[in-house]
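Fold and contact review
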Amino acid sequence: MKHAYVAQARVDTPLGTMTAAATAHGIAGLWFDGQSHHPGPLDAPVDEHNPYIEQLRREMAAYWAGGGAKAASHGTRAPFTVALDPQGTPFQRRVWRALVAIAAGRTDHYGAIAERLGVPNGARAVGAAIGRNPVSIVIPCHRVLGSDGALTGYAGGLERKSALLAHEGARLAREQTAPARAT
């Protein structure tokens, strides 16, 4: 069931300004300006004091103050407990719930997530659902890599994905450097 947005607010982060949207049930959206699948102008009042948005701001501040790296060193997930209400298909919501289980400082890949969800040949479907994640950072789609460890797709841009993983202390299986050229 789709819920209407009841509030929106701007959230500043070290990686750029984001728009947060809340329903009566929780945070339904958190998008970087200009990212893929950004919904554009929202039909919701600006409400800096919406309780979900206020909690999101506190938790984002803790995350950026070191919560990501601290959580990674303790083997726990990022410090997000704000209620979530992402709007999507039942399959998308299953995928997004699986993402929340990936601890800060850890990564996973599309095929492994598909296997855990009981869709062994569903890596592309999982990737499509991940690409539509409406709650960036909090639903940590940035923690999903290609099967070879490569940084692949991120609606907010690969530079942001790399920065988020570095902030969380993730060790990448494959360094993202240009291959050496034969001379």
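Before going into details, it helps to say that this report is about the structure given with it. Just so it is clear, the model here is predicted, and its values are computed rather than measured.

**Remarks on the overall build of the chain**
Scanning the chain for helices and strands turns up five helices and five strands. When the helices and strands of the chain are read in sequence order from the N terminus, they spell out β-β-β-α-α-β-α-α-β-α. Considering the chain as a whole, with its 183 residues, one finds that 45% of them fall into the buried category. The contacts of the chain with a sequence gap of at least 6 include a subset with a gap of at least 24, amounting to 61%. With an accessible surface of roughly 9300 Å², the chain has 53% of that area assigned to carbon and sulfur atoms.

**Some words on the layout of surface pockets**
If you add up the space inside the largest pocket, you get close to 250 Å³. Lining of the largest pocket is provided by 13 residues; of these, Y5, W31, Q87, R132 and P134 occupy positions nearest its centre. Mapped by element, the contributors of at least two residues to the lining of the largest pocket are β3 (26-32) and α2 (90-100). For the lining of the largest pocket, a count of residues per class yields six nonpolar, five polar and two charged.

**Observations regarding the nonpolar core**
Counting residues in hydrophobic clusters, the biggest one holds 36 residues, and the most contacted among them are L99, I113, I130 and I137. Contributions of two or more residues to this core are made by β1 (7-11), β2 (18-23), β3, α1 (51-73), α2, α3 (110-116) and α4 (123-131). Sort the elements by how many residues they give to this core and α1 lands first, with five residues. Beyond its immediate stretch of four places on either side in the chain, I137 contacts M18, F32, M60, Y63, W64, F80, H142, Y154 and L164.

**Re the packing of aromatic side chains**
Under the criterion given, the structure shown has three aromatic pairs. Taken together, a centroid distance of 6.4 Å and an interplanar angle of 80° make the contact between Y5 and W31 edge-to-face. With Y5 in the segment before β1 and W31 in strand β3, the pair connects residues that are 26 residues apart, well separated along the chain. By the ring-pair criterion, three or more aromatic residues cluster together here, those being Y63, W64 and F80. Between R160 and the ring centre of F32, over which it is positioned, the NZ or CZ distance is 4.1 Å.

**Description of the packing of α2 against α4**
Where α2 meets α4, the axes come as close as 9 Å, and the angle between the chain directions of the two elements is 80°. The orientation of α2 with respect to α4, classified from their angle, is roughly perpendicular. Residues F91, Q92, V95, W96 and L99 of α2 pack against A125, V126, A129 and I130 of α4.

**Description of the sheet that holds β1**
On the basis of which strands lie adjacent, the open sheet formed by three strands has the order β1-β2-β3 and antiparallel pairing. The open sheet terminates on both sides in strands that have one partner only, identified here as β1 and β3. In this sheet, adjacent strand axes meet at a mean angle of 20° when their direction is disregarded.

Calculation criteria
- Residues numbered from 1 in each chain as written.
- Predicted model: local features only at pLDDT ≥ 70, side-chain atom pairs only at ≥ 80, totals over all residues.
- Heavy atoms only, no water.
- Helix = DSSP H or I, 4+ residues; strand = E, 2+ residues; numbered from the N terminus.
- Buried < 20%, exposed > 50% of the residue type's maximum accessible area, 1.4 Å probe, protein only.
- Contact = heavy atoms within 4.5 Å.
- Areas by Shrake-Rupley, 256 points an atom, 1.4 Å probe, with all protein chains shown as cover.
- 1 Å grid on protein atoms, 1.4 Å probe; cavity = no way out; pocket = protein on both sides within 12 Å on 5 of 7 lines; lining within 4 Å.
- Points joined across faces, edges and corners; volume = space filled by probe spheres on them.
- Nonpolar A, V, L, I, M, F, W, Y, C, P; charged D, E, K, R; others polar.
- Core = buried A, V, L, I, M, F, W, Y, C linked by side-chain atoms within 4.5 Å.
- Phe/Tyr/Trp six-rings, centres within 6.5 Å; stacked < 30°, edge-to-face > 60°.
- Lys NZ or Arg CZ within 6 Å of the ring centre and 35° of its normal.
- Axes fitted to C-alpha atoms, helices over the stretch in contact; angles between N-to-C directions.
- Parallel < 35°, antiparallel > 145°, perpendicular 65-115°, else oblique.
- Pairing = 2+ DSSP bridges.

Don't take any of this as a statement about function, it's just geometry.
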